[in-house]
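Survey of secondary and tertiary structure
Here's the letter readout for the chains.
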Amino acid sequence: MATLAAQKKHKVTIVGSGNWGTTMAKLVAENVKEHESLFDQTVEMWVYEEEVTIPKESKHYDPGSELSNKPQKLSQLINTTHENVKYLPGITLPTNVLANPDLADSVKTSTILVFVLPHQFIPKVCDQLAGKTVPYARAICCTKGVDVSERGIRLMSEAIGMRLNIYCGALSGANIASEIAQEKYSETTVAYDPPPMDSRAPTPMGTPGASPNSSQVDLISPSKPVSSGKSSAHLTALPSEYPPLSQGNVKTLFHRPYFHVRIVDDVVGVSLGGALKNIIALAAGFVDGLGWGDNAKAAVMRVGILEMVKFGKAFFGDSSKTSTFTEESCGVADVITSCMGGRNFKCAKKAVEQGTSIYEVEKKDLNGQKLQGTSTAYEVNAFLKSKGQESDYPLFTVVYNILEGKAKPEQIPEWIEPK
Ligand SMILES: NC(=O)c1ccc[n+]([C@@H]2O[C@H](COP(=O)([O-])OP(=O)(O)OC[C@H]3O[C@@H](n4cnc5c(N)ncnc54)[C@H](O)[C@@H]3O)[C@@H](O)[C@H]2O)c1
Ligand SMILES: O=P(O)(O)OC[C@H](O)CO
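Residues numbered from 1 in each chain as written. Chains lettered and ligands numbered in written order. Predicted model: local features only at pLDDT ≥ 70, side-chain atom pairs only at ≥ 80, totals over all residues. Heavy atoms only, no water.

An unreviewed UniProt entry lists the protein under the name Glycerol-3-phosphate dehydrogenase [NAD(+)], with Polyplosphaeria fusca given as the organism. According to UniProt, the comment filed for the protein under the heading Catalytic activity (unreviewed entry) is "sn-glycerol 3-phosphate + NAD(+) = dihydroxyacetone phosphate + NADH + H(+)". The annotation that UniProt attaches to the protein under Sequence similarities (unreviewed entry) is "Belongs to the NAD-dependent glycerol-3-phosphate dehydrogenase family." (UniProt positions renumbered as here; feature names shortened; annotations may be inferred.)

This is the structure:
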């Protein structure tokens, strides 16, 4: 008798449409076209709606045309030009990317949610999504940041998973979006430790099983290490009609000839690497802005990597593997690329060179794109302060103090050298 399994296909929504969000939509849309038996052919991309005029960098800029000078809705422009003229100008998107400004509508039938928003918007967007997502959806977080509140620190993957009660993995690496959008070779790390029900023989819909990963640090019990293990909350099983969401199928969704995926199961390490490297990139920008050269940059990178590993061990225990930081793209490789050509690096460098604030540079140079390092430096500092451990992380702490105007970039060496 013919099996009823896998009659349905996974539909993907990219939640976010910035520089990286649009790049992810492009590569995922290319992959779904090549794997028709697994994936629905339309990839929805949620667009935070705004009115834009077509910039000079766009393929569709035409100074003689009235349309080029008239503000238009970004989502409509994406759907008519197949280009995100504001956040990824000059790159043609596959026609199966559908820009959708309605958040709830964009996810309503999707079984795979790829979150690619600046981290400060994740909590609010997830709160708006609560109850609107397919109960057996799975998520991958491509956002780099942490979620700090009076309750403690959470990985962004946890912030998503816990708010939506779905499993959430993480994708992070040495991934400057513009290079990947131009299909230049790059690696990435995907942490996806699927609930057992997703890899083994399909189970009936609604069967309770494993839970979202939960490793929120409890500020009230500062000595308590936490793990990213499965907690007692329940996940809804993927109905048997769908192909399993195994590590293999998740890799199929992201791996491209120019974007090489390595799959690991360390969601904590992948998430923390992506968040903390942004603080290190600010430090690299500060010393480069002083004209101190590559040796100084290498010094802050070395200390930064050590602080990353230490932070993971101290606050996430054995769930955070040192090898993820030292061997995978999401660790040392992301530190290197971010300290050479990332936006955090470039804006920090320019701020020092011009004697202006990094927020001014961000506003002037980034055209709506958002730095993640500045808010992460504040969030990590608030967390370390609450633990009385600022002095154990001198690089993270001096970056915060520079942003606050309480230290100068010239003082970085005296902060990071052992007393
Ligand atoms: N750009 C890269 O090279 C790159 C690479 C890897 C990872 N990332 C990470 O991906 C995440 C997203 O970055 P990006 O580069 O796609 O974005 P971006 O900085 O290019 O764009 C900002 C985005 O935020 C949206 N936005 C503005 N206000 C909003 C609001 N109130 N609510 C919701 N959205 C709002 C804008 O519409 C836009 O899509 C970040 O965490 C970043 O660190 C970026
Ligand atoms: O441009 P940044 O500084 O946000 O960094 C981009 C990517 O995270 C690099 O991997």
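That covers the picture; the talk isn't over yet.
1. Overview of the overall build of the protein
When its secondary structure is counted, the protein shows 18 helices and twelve strands. Relative to a compact globule of 419 residues, whose C-alpha radius of gyration would be 22 Å, the protein shows 21 Å and is just as compact. By its C-alpha atoms, the protein is 75 × 65 × 35 Å across when sized along the principal axes. Out of the 419 residues in the protein, the part that is buried amounts to 57%. Nonlocal contacts in the protein, meaning residues at least 24 apart in sequence, comprise 74% of its contacts between residues at least 6 apart. On the protein, roughly 17,100 Å² of surface is accessible, and the fraction owed to carbon and sulfur atoms is 52%. Mean positive and mean negative side-chain charge positions of the protein (43 and 45 charges, respectively) differ by 1 Å. (Helix = DSSP H or I, 4+ residues; strand = E, 2+ residues; numbered from the N terminus. Rg over C-alpha atoms; globule rule 2.2 N^0.38 Å. Buried < 20%, exposed > 50% of the residue type's maximum accessible area, 1.4 Å probe, protein only. Contact = heavy atoms within 4.5 Å. Areas by Shrake-Rupley, 256 points an atom, 1.4 Å probe, with all protein chains shown as cover. Lys, Arg positive; Asp, Glu negative; His and termini not counted. Charge placed at Lys NZ, Arg CZ, Asp CG, Glu CD.)

2. Here's the deal with the packing of helix 1 (residues 19-34) against helix 9 (residues 247-254)
As a packed pair, helix 1 and helix 9 sit with axes 7 Å apart at the nearest point and diverge in direction by 115 degrees. Compared by their axis directions, helix 1 and helix 9 come out roughly perpendicular. Contacts between helix 1 and helix 9 involve Met24, Leu27, Val28, Asn31 and Val32 on the former and, on the latter, Thr252, Leu253 and Phe254. (Axes fitted to C-alpha atoms, helices over the stretch in contact; angles between N-to-C directions. Parallel < 35°, antiparallel > 145°, perpendicular 65-115°, else oblique.)

3. Remarks on helix 5 (residues 122-129)
Within the span of helix 5, buried status applies to Ile122, Pro123, Val125, Cys126 and Leu129. The buried side chains of helix 5 occupy one side of the element, clustering within an arc of 165 degrees when seen end-on. Residues of helix 5 that are buried sit in contact with strand 1 (10-15), strand 2 (39-46), helix 4 (103-107), strand 6 (112-115), strand 8 (146-149) and helix 6 (156-164). Directly after helix 5, the chain includes Gly131, whose backbone phi takes a positive value near 80 degrees. (Arc of directions from axis to C-beta.)

4. Description of the pairing of strand 10 (residues 167-172)
Counting buried residues in strand 10 gives six out of six residues, a clear majority hidden from the surface. The alternating pattern of strand 10 places Tyr167, Gly169 and Leu171 and Cys168, Ala170 and Ser172 on opposite faces, both of which are buried. Where strand 7 (residues 138-141) meets strand 10, four bridges bridge the pair, whose relative direction is parallel. Among the inter-strand pairings, Ala139 is bridged to a residue of strand 10, identified as Cys168. Pairing between strand 10 and strand 11 (residues 186-191): three bridges, direction antiparallel. Opposite Ser172, over in strand 11, you have Thr189 as the bridge partner. (Pairing = 2+ DSSP bridges.)

5. A word on the UniProt feature "domain: Glycerol-3-phosphate dehydrogenase NAD-dependent C-terminal" (unreviewed entry) in the protein
UniProt records the feature "domain: Glycerol-3-phosphate dehydrogenase NAD-dependent C-terminal" (unreviewed entry) at residues 266-413, using the numbering of this structure. As annotated, residues 266-413 comprises 76% helix and 0% strand, and the C-alpha atoms at either end are separated by 32 Å.

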